[in-house]
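Listed below are the residues making up each chain.
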Amino acid sequence: MHVSLPAKRSTRAAVALLAAGALMLTAAGCGGDDGDTVSGGPPPNTVKLPNLKGQKLQVTAVWTGTEQENFTKVLKEFEKRTGAKVSFVPSGDDMAGFVGSKIAGGAPPDVAMVGQVGVMREFAQKGWAKPLDTAARAELTKNFAKGWQDLGSYQGKPYGVYFKASNKSLLWYNTSAFDYAGAKVPKTWQEFLQQAQLISDSGTDAVAIGGQDGWTLTDWFENVYLSQAGAEKYDQLAQHKIKWTDPSVKKALETLAELWGTKGLVAGGRGGALQTAFPDSVTKAFGNKAEPDAGMVFEADFVAANVADAGAELDQDAKVFPFPAVGADAPVVTGGDVGVALKNSKAAQALLTFLASPDAGTIWAQSGGFISANKNVKFSAYPNASMRKIAQALIAAGNDFRFDMSDQAPASFGGKPAQGEWKALQDFLKNPRNVAGIQRQLERDAAKAYKN
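Model, not experiment: these values are computed from the prediction. (Residues numbered from 1 in each chain as written. Predicted model: local features only at pLDDT ≥ 70, side-chain atom pairs only at ≥ 80, totals over all residues. Heavy atoms only, no water.)

Draft legend 1. Local environment of the overall build of the protein chain. The helix and strand tally for the protein chain stands at 21 helices and 12 strands. Radius of gyration (C-alpha) of the protein chain: 21 Å, near the 22 Å computed for a compact globule of 452 residues. Along the three orthogonal principal directions, the C-alpha set of the protein chain runs to about 60 × 50 × 35 Å. Classification of the 452 residues of the protein chain by burial places 60% in the buried group. A separation of at least 24 residues holds for 80% of the contacts in the protein chain among residues at least 6 apart in sequence. In the form shown here, the protein chain has an accessible surface area of approximately 16700 Å², with 49% of it arising from carbon and sulfur atoms. (Helix = DSSP H or I, 4+ residues; strand = E, 2+ residues; numbered from the N terminus. Rg over C-alpha atoms; globule rule 2.2 N^0.38 Å. Buried < 20%, exposed > 50% of the residue type's maximum accessible area, 1.4 Å probe, protein only. Contact = heavy atoms within 4.5 Å. Areas by Shrake-Rupley, 256 points an atom, 1.4 Å probe, with all protein chains shown as cover.)

Draft legend 2. Geometry of the nonpolar core. Counting residues in hydrophobic clusters, the biggest one holds 93 residues, and the most contacted among them are Phe71, Phe78, Phe123, Trp148, Phe286 and Leu355. Among the elements that line this core, the one with the most residues is helix α15 (residues 346–355), at 7 residues. Non-local contacts of phenylalanine 71, meaning those with residues more than four positions away in its chain, are made with Val59, Trp63, Phe88, Met113, Phe163, Leu355 and Trp364. Within the second largest apolar cluster, 53 residues are counted, among which are Val207, Val249, Ala273 and Leu429. (Core = buried A, V, L, I, M, F, W, Y, C linked by side-chain atoms within 4.5 Å.)

Draft legend 3. Structural view of the pattern of salt bridges. Enumeration over the complete set of coordinates arrives at 15 salt bridges. A salt bridge links glutamate 67 to lysine 164; the shortest N-O distance between them is 3.3 Å. Remark: lysine 164 occurs in strand β6 (residues 160–167) and glutamate 67 occurs in helix α2 (residues 65–82); sequence separation between them is 97 residues. Two residues, arginine 81 and glutamate 77, come together in a salt bridge whose shortest N-O distance is 2.8 Å. Remark: glutamate 77 and arginine 81 occur in helix α2; sequence separation between them is 4 residues, near one turn of the helix. (Salt bridge = Lys/Arg side-chain N within 4 Å of Asp/Glu carboxyl O.)

Draft legend 4. The sheet that holds strand β7 (residues 170–174), seen in detail. The 4 strands are arranged β8-β9-β7-β10 in an open sheet whose pairing can be described as mixed. Only two strands of the sheet have a single neighbouring strand rather than two, namely β8 (205–208) and β10 (318–322). Strand-to-strand twist across the sheet, computed as the mean angle between neighbouring axes with direction ignored, equals 25°. Where β7 lies against β10, 5 bridges are found, and the strand directions are antiparallel. Across the sheet, residue asparagine 174 finds its bridge partner in β10, namely alanine 318. Each of β7, β8 and β9 (294–298) touches helix α9 (residues 214–229); the most contacted strand, β9, lies at about 80° to it. (Pairing = 2+ DSSP bridges. Axes fitted to C-alpha atoms, helices over the stretch in contact; angles between N-to-C directions.)

Draft legend 5. Region of interest: the packing of helix α11 (residues 247–260) against helix α20 (residues 420–430). The N-to-C vectors of α11 and α20 enclose an angle of 50°; their axes lie 10 Å apart at closest approach. Considering their axes alone, α11 and α20 lie oblique with respect to each other. In this structure, α11 crosses over α20, and the sense of that crossing is right-handed. Packed against α11, whose contacting residues are Leu253, Leu256, Ala257 and Trp260, the element α20 presents Leu425, Phe428 and Leu429 at the interface. Tallied by class, residues from the contact of α11 with α20 come to 7 nonpolar, no polar and no charged. (Parallel < 35°, antiparallel > 145°, perpendicular 65-115°, else oblique. Left-handed = near helix turned anticlockwise from the far one by under 90°. Nonpolar A, V, L, I, M, F, W, Y, C, P; charged D, E, K, R; others polar.)

Draft legend 6. Geometry of α20. The buried count for α20 comes to 8 of 11 residues, which makes it a mostly enclosed element. Contacts from the buried residues of α20 go to α9, α11, α12 (269–274), α18 (405–408), α19 (411–414) and α21 (435–450).

Draft legend 7. Structural view of the packing of α11 against α21. Packing of α11 against α21 leaves a shortest axis separation of 10 Å and a crossing angle of 125°. Taken as axis vectors, α11 and α21 run oblique relative to one another. By crossing handedness, the relation of α11 to α21 is classed as right-handed. The residues of α21 that touch α11, namely those facing Val249, Lys250, Leu253 and Glu254, are Val435, Ile438 and Gln439. Residue classes in the contact of α11 with α21 are distributed as 4 nonpolar, 1 polar and 2 charged.

Draft legend 8. Layout of the confidence of the model for the protein chain. On average, residues of the protein chain score 90 in pLDDT, and 91% of them are at 70 or above. Predicted confidence for residues 1–38 stays below pLDDT 50, and this span has 95 contacts to residues more than four positions away or in other chains. (pLDDT = per-residue confidence, 0-100.)

Draft legend 9. Representation of unusual backbone geometry in the model. In the Ramachandran plot, glutamine 155 falls in the positive-phi region, its phi being about 50° despite a non-glycine side chain. You can call glutamine 155 exposed: its relative accessible area is 67%.

Draft legend 10. Region of the structure containing the environment of proline 90. Structurally, proline 90 is set in strand β2 (residues 85–90). As for proline 90 and tryptophan 63, which are separated by 27 residues in sequence, their C-alpha atoms are 6.4 Å apart. Ignoring sequence-local partners within four residues, the contact set of proline 90 consists of Thr60, Ala61, Trp63, Thr64, Gln68 and Phe98.

Draft legend 11. Quick peek at the packing of aromatic side chains. All told, the structure shown has 28 aromatic pairs when counted by the stated rule. Pairwise contacts between aromatic rings join Trp63, Phe71, Phe88, Phe163, Trp364 and Phe370 into one cluster. A cation over a ring is seen here: lysine 164 above tryptophan 364, with NZ or CZ 5.4 Å from the ring centre. (Phe/Tyr/Trp six-rings, centres within 6.5 Å; stacked < 30°, edge-to-face > 60°. Lys NZ or Arg CZ within 6 Å of the ring centre and 35° of its normal.)

Draft legend 12. Up close: the side chain of aspartate 359. Tracing the sequence through the fold places aspartate 359 in helix α16 (residues 358–367). Beyond its immediate stretch of four places on either side in the chain, aspartate 359 contacts Pro43, Pro44, Asn45, Thr46, Val47, Arg81 and Phe354.

Draft legend 13. Quick look at the pairing of strand β1 (residues 56–61). Here β1 runs beside β2; their pairing, made up of 6 bridges, is parallel. Its bridge partner being in β2, leucine 57 is matched across the sheet by valine 86. Note that the unit made of β1, α2 and β2 has a crossover that is right-handed. Note: β1 against strand β3 (residues 111–114), 2 bridges, orientation parallel. By the bridge assignment for β3, threonine 60 is matched with alanine 112. (Right-handed = clockwise from strand over helix to strand, strands pointing away.)

Here it is as structure tokens:
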């Protein structure tokens, strides 16, 4: 199935704004504050919600652990304000498969928090997702840039609320490992490889990779590809208007192989990386602050929550820098989780209305490990300077950003474990020399998924 995508948007401004904001992180990591008073008080109460006493809702998302706990705080506030009872059910990584099985059984959840825009649009096309009602649309329009509204729409009709956003172009480093190796924050890919080798030579593997979760590998590829091939090629590949056998893909894979294929740069070796789940990759870098298993880990702003879980202090034990420029510009890739109603009910629409408000975003922002695309969530809600800088840069970008490529794809290619892009890049991590073979594998799977 071919999934229609938003019109191409220029990212030059986004790259400048978001990269500049991310560059400020290294300065913020030295401590201090950006001048805002951190808000730890009760969330604002800006949105009117109906009385739902006696009604029950079931919500599903991929979130587990700390993310699930923080989202539960949001749901508890919704219960408090409406009288509804909300239960949370983890979907696992295969959201499309989970929801499909529930719909086939006649018992879908009321609301799903979907991590792939392609999956959301598949739900809309199949009639599984229900359009936003008047109240939810009004809250969405008031609080979100048009670019985010468009991402939550299908054929011009709004279906979803992008409640949780992310900047997926960040590397987090262990300050002890950097200090011991004498490593410096890199700005280019070649500098990054040089500093990684310096850390490896000091006795610590350079980068932890959560290769057991294939989505982390797609994020690596997308950052390299966007920076190296440029925004126009990125859009073409995202829509399968060029093939995965294109020379630009070959070049990006060869660039990734410079890291993935060099002994000592990947924590635990390639085999170890393929057995490492994303949360464990963060633990490798920060679980033992003084003697870590890895000097760095790559992923989005939500790493902040995992850093805390590992017992490390952000801006002290853990600092962050933007993904290095592979080409002329440093890449900025965004992602997010969109809430959609799977039942035509007053309660489901009320929850989406709440999620579109600054009230809901503020609750999770205060807990950390969260960035909101809601322009009316106050930056002072974020718990530290680093997260405030990331949030400010995201909002400043307005409509100009590039969304995660695999999340735009049909689920069978970009959003399912053990198949499509996730599986192909895991195979590539296993054998980074097989560039041509992986390109053919990616193109075969993409052609089948996009049907073009």
